[in-house]
Amino acid sequence: MPMDWDGDGDYDLVVSCPDVPFRGTYLFENPSTDGKQLKFPVFKPPVSVGPRLSNATLSYVDGVPRVLSPGIEHLEFLGNEFEKQKKILDKSNIHPNKVRANQWRYVDYDADGALDLIVGVGDWTEYGWDNAYNKNGQWQRGPLRGYVYLLQNRGSTEQPDYADPVKVTADGKPVDVYGMPSPNFADFDGDGDLDLLCGEFLDGFSYFQNTGTRTEPRYAMAGRLLHNGQTLHMDLQMIVPTAIDWDRDGDVDLVCGDEDGRVALIENTGRMAGRIPGFLAPVYFQQQADLVKFGALVTPVSVDWDGDGDEDLICGNSAGYVALIENLDGGVPPRWAPPVRLQAGGEALRIQAGDNGSIQGPCEAKWGYTTLSVADWDHDGRLDLVVNSIWGKVVWFRNVGKKNQPELAAAAPVEVDWPAGTKAPKPAWNWWDPQGSQLVTQWRTTPAVIDLDQDGLNDLVMLDHEGYLAFFRRARGNGRLLLAPGRRVLFDAAGKPLRLNQREAGKSGRRKFCFADWDGDGKIDLLVNTRSVNLLRNVSTKPDQWRFSDEGPLDERHLAGHTTSPTVVDWDHDGRPDLLTGAEDGHFYYQPNTWQAATQQETAALVIESRHTEDGLLGNGERAYSNRDYTWFDVPASLQDWRFTRTFGGEAAFVAVRAKRRMIVTMATSAGHAGVDLSGWKPAKGKTFGYTDGGRTRMQVFVRELKAGQRVVIPQGTWTGGLLLLPPTAE
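Only a predicted model underlies this, so the values are computations on that prediction, with no experimental measurement involved. (Residues numbered from 1 in each chain as written. Predicted model: local features only at pLDDT ≥ 70, side-chain atom pairs only at ≥ 80, totals over all residues. Heavy atoms only, no water.)

1. What to know about unusual backbone geometry
Then step 1. With an omega of 0°, the peptide bond running from valine 20 to proline 21 counts as cis.
Then step 2. Inspection of the secondary structure puts proline 21 in the loop between strand S2 (12-17) and strand S3 (24-28).
Then step 3. Residue proline 333 is bonded to the preceding valine 332 through a cis peptide linkage, with omega at -5°.
Then step 4. Mapped onto the fold, proline 333 is located in the loop between strand S32 (322-325) and strand S33 (340-341).
Then step 5. Even without glycine at this site, asparagine 478 takes up a positive phi of about 55°.
Then step 6. Assignment of secondary structure puts asparagine 478 in the loop between strand S43 (474-477) and strand S44 (480-483).
Then step 7. Residue classification places asparagine 478 among the exposed residues on the basis of a relative accessible area of 79%. (Helix = DSSP H or I, 4+ residues; strand = E, 2+ residues; numbered from the N terminus. Buried < 20%, exposed > 50% of the residue type's maximum accessible area, 1.4 Å probe, protein only.)

Now the structure itself:
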């Protein structure tokens, strides 16, 4: 939303981010000092100016910025963090179906002096969601729909009386773009009336010329914006354009956001190409150096890519790129260069779904979701890339450069030595078949290259086509390296094969992980994405076993809306791996390794393992958290004087119990426990209590029946942690 936030005469950018962990509304200040509007200022780093705003849009009324969300207007927001608002309509969805995009704007549609309402909606009813290709890769459901509604004001701007919504039409039919229309009414062609320009869920723009008048608009059939005779595209998708004369040259430009938070200027040339106004290609704004970022859903790997003795980052992201973020000084923390996108085979390394590469359909054409490992795959002494993506095709990019000067060849498939006469397996929902011996697995999941069996050859560990974590062993044969079919030899603590995702189609895959000896016991552990990152600790008792116990989160911060992606670093050179997490917002979150071995105690009925907890007494007025002065209140009489595992609020803890006999285990966690896996736990009716944080947080008690010998980890994952509750005379 471009506006003069600070009143200094130039346009700043206000950007609202809906997803964790960067959820909120942020100001990118234009640093010019003389009020002159530079075309491409280098903006200051973001500063929080309010909470996230759902479907926020900007309208200019008599030169004054007005910000709307569905059904409401935000008032006096400049400097007031969007706290004040008013309802402008009784309902927030004026479309008969459920909508995803819901974009409201003011405009005097018919020049009668009264502000009307315009609402753009994205309707996915016909599209559905996923897994709807036929055997030829053709989508069998409908498209996304993007309609534009007019709510005509029959009253005045001060006392509006909005008529029922009607769809705006063009060439006699309702305006209908490919979802997420972001409608902008402005005089793009300079003839004195208001034309309509829409974005979409993908990457292009539709222009509807007003062939009527300012008071009686009539819109022509849509035309695509062009540049040099080619359709004009944004780099990514889920675009949100806003019409404004950014460079103040008298014509209407576009300032447009992408899904990953980048914002571009699309400049109006002031010239027409037939009936379509001419625009230049998008140029993305820059900001002053601040937090390291690479797109969205960034997938880092820490490695000395350039051979200078320090740890760089090689990263994928949702847009399908892979980039180098160079460590400039080896410091703690390091100083980083800006991301540089890698090339392969002389072209930009970018993997995208296209029309039919995403199981969730053609609306995801511009996404790639690259996730990778960096390792010497061909054992020639140079670091290569092994990459998975939105397709689930595992490929590798051979390093053909000189020492310390990597250069990547074009992608080649990772091939498996499948048994003779068998077809290469694939996920059951894939419409397409692997080619030859190609390895095809679930989408958006890490291909972890590691010498798992310590035989000197790099193996591959990743989810197989059914979501099990599989070991693809490397061997030499017939003078070449062979990759054996995956074996399900990595197990959970109960001895069952690790199945990191048992869901199908669009809900499959999505698991990011890395290996490291986190606890320093000489055995390789697994760090796996959750709402942050969980430690799956290697509890094997034999060297040729890989059995893992989920010890809970290593970082209590909520970093994932979809996924996180872990890697390990050792910036301080203490020999212990620390955690670096690539998050939803494209930023990187560092968590030092503070591992402590679990302590063990026993009651007559339980064996209790705990780490980073203390013994506490549950009762009104008793201390709730070891690092806060909060105390409990409203503790039910039936729970008075119970013992509990007191955590350090907001810090990672671990509690697990093993039953000696059949019994009921009791625990408590915050009632607002979104993102915490409570499978197998049942809420204890009427048993809640609070602590003195202003009364905002309530703890809900849960119970679970365990069989003799059964072990369960008490769910953590919230600021409060999960508290094991033990009766005063614990058996």
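That shown, we press on.
2. Notes on the pattern of salt bridges
Then step 1. Applying the stated criterion to the full structure yields 35 salt bridges.
Then step 2. Here lysine 39 makes a salt bridge to glutamate 267, at a shortest N to O gap of 3.1 Å. Of this pair, lysine 39 sits in the loop between S3 and strand S4 (42-43) while glutamate 267 sits in the loop between strand S25 (263-266) and strand S26 (268-273), placing them 228 residues apart in sequence.
Then step 3. Judged by relative accessible area, glutamate 267 falls into the buried class, the value being 14%.
Then step 4. Ionic pairing is found between aspartate 171 and lysine 173, a salt bridge with its closest N-O pair at 3.8 Å.
Then step 5. Overall, the relative accessible area of 43% leaves aspartate 171 in the partly exposed class. (Salt bridge = Lys/Arg side-chain N within 4 Å of Asp/Glu carboxyl O.)

3. Things to note about the domain arrangement of the protein chain
Then step 1. On domain assignment, one finds that the protein chain holds domain 1 (2-287), domain 2 (299-591) and domain 3 (599-726).
Then step 2. Surface buried jointly by domain 1 and domain 2 totals about 2200 Å² across both partners, of which 56% is contributed by carbon and sulfur atoms.
Then step 3. Of all residues in domain 1, Val20, Pro21 and Tyr133 bury the most surface against domain 2, accounting for 26% of the area lost on that side.
Then step 4. Summed over the shared surface of domain 1 and domain 2, the result is three salt bridges.
Then step 5. Where arginine 350 meets aspartate 235, a salt bridge forms, and the shortest distance between an N and an O atom there is 3.2 Å.
Then step 6. For the pair domain 1 and domain 2, the interface holds 18 residue pairs in polar contact (both at pLDDT 80 or more).
Then step 7. In terms of residue class, the side of domain 1 that touches domain 2 is built from 15 nonpolar, five polar and seven charged. (Domains from an automatic or database assignment. Buried area = accessible area lost by both parts, 1.4 Å probe. Polar contact = N/O pair within 3.5 Å; in protein donor to acceptor, adjacent residues only side chain to side chain. Nonpolar A, V, L, I, M, F, W, Y, C, P; charged D, E, K, R; others polar.)

4. What about the sheet that holds strand S46 (residues 513-516)?
Then step 1. Strand order across the open sheet formed by five strands is S45-S49-S48-S47-S46, with mixed pairing between neighbours. Two strands lie at the open edges of the sheet, namely strand S45 (490-492) and S46, each paired on one side alone. The mean angle between the axes of side-by-side strands here comes to 30°, regardless of whether they run parallel or antiparallel.
Then step 2. Here S46 pairs with strand S47 (residues 525-529) via four bridges, running antiparallel. In the sheet register, phenylalanine 515 faces S47, and the bridge partner there is leucine 526. (Pairing = 2+ DSSP bridges. Axes fitted to C-alpha atoms, helices over the stretch in contact; angles between N-to-C directions.)

5. Describing the side chain of glutamine 237
Then step 1. In this structure, glutamine 237 sits in the loop between strand S22 (230-231) and strand S23 (240-244).
Then step 2. Taking relative accessible area as the criterion, glutamine 237 reaches 0% and is therefore assigned buried.
Then step 3. Only 2.7 Å separates the side chain of glutamine 237 from the backbone oxygen of cysteine 363, close enough to count as a polar contact.

6. Some details on the pairing of strand S7 (residues 64-69)
Then step 1. As defined by bridge partners, strand S6 (residues 57-61) adjoins S7 across five bridges and the pair is classed as antiparallel. Residue pairing in the sheet places valine 61 in a bridge with valine 64 of S7.
Then step 2. Hairpin remark: S6 followed by S7, antiparallel, with two residues in the connecting loop; positive phi at aspartate 62, about 55°.
Then step 3. Here three bridges tie S7 to strand S8 (residues 72-75), and the two strands are oriented antiparallel to one another. Following the sheet pairing, valine 67 is matched in S8 by histidine 74.
Then step 4. What sits between S7 and S8 in their antiparallel hairpin is a turn of two residues, with glycine 71 showing a positive phi close to 80°.

7. Considering the nonpolar core
Then step 1. One finds Trp305, Ile314 and Leu385 to be the most contacted residues of the largest nonpolar core, which totals 57 residues.
Then step 2. Taken together, the elements giving at least two residues each to this core come down to strand S30 (299-303), strand S31 (312-316), S32, strand S36 (371-375), strand S37 (384-388) and strand S38 (395-399).
Then step 3. If you tally residues by element for this core, the top one is S32, at four residues.
Then step 4. Both domain 1 (2-287) and domain 2 (299-591) contribute no fewer than three residues apiece to this core.
Then step 5. Once residues lying within four places of it in the same chain are set aside, the contact partners of leucine 385 are Trp305, Ile314, Val322, Leu342, Leu349, Leu372, Ser373, Val374, Val395, Trp396, Phe397 and Leu408. (Core = buried A, V, L, I, M, F, W, Y, C linked by side-chain atoms within 4.5 Å. Contact = heavy atoms within 4.5 Å.)

8. Description of the environment of threonine 599
Then step 1. Tracing the sequence through the fold places threonine 599 in strand S53 (residues 599-602).
Then step 2. Residues threonine 599 and leucine 554, spaced 45 residues apart in sequence, show a C-alpha to C-alpha distance of 17 Å.
Then step 3. When residues no more than four places from it in sequence are discounted, the contact partners of threonine 599 are Ile608, Glu609 and Ser610.

9. Describing the packing of aromatic side chains
Then step 1. If you walk through the whole model with that rule in mind, you get 35 aromatic pairs.
Then step 2. Ring geometry for phenylalanine 22 against tyrosine 26: centres 4.2 Å apart, planes inclined by 10°, an arrangement best described as stacked. Both residues of the pair, phenylalanine 22 and tyrosine 26, count as buried.
Then step 3. Ring-pair connections join several aromatic residues into one group, and the members of that group are Trp124, Tyr127, Trp129, Tyr133, Trp139, Phe201, Trp367, Tyr369 and Trp431.
Then step 4. We note arginine 262 situated over the ring of tyrosine 284; from NZ or CZ to the ring centre the distance is 4.8 Å.
Then step 5. Its end group placed over the ring of tryptophan 432, lysine 393 keeps NZ or CZ at 5.1 Å from the ring centre. (Phe/Tyr/Trp six-rings, centres within 6.5 Å; stacked < 30°, edge-to-face > 60°. Lys NZ or Arg CZ within 6 Å of the ring centre and 35° of its normal.)

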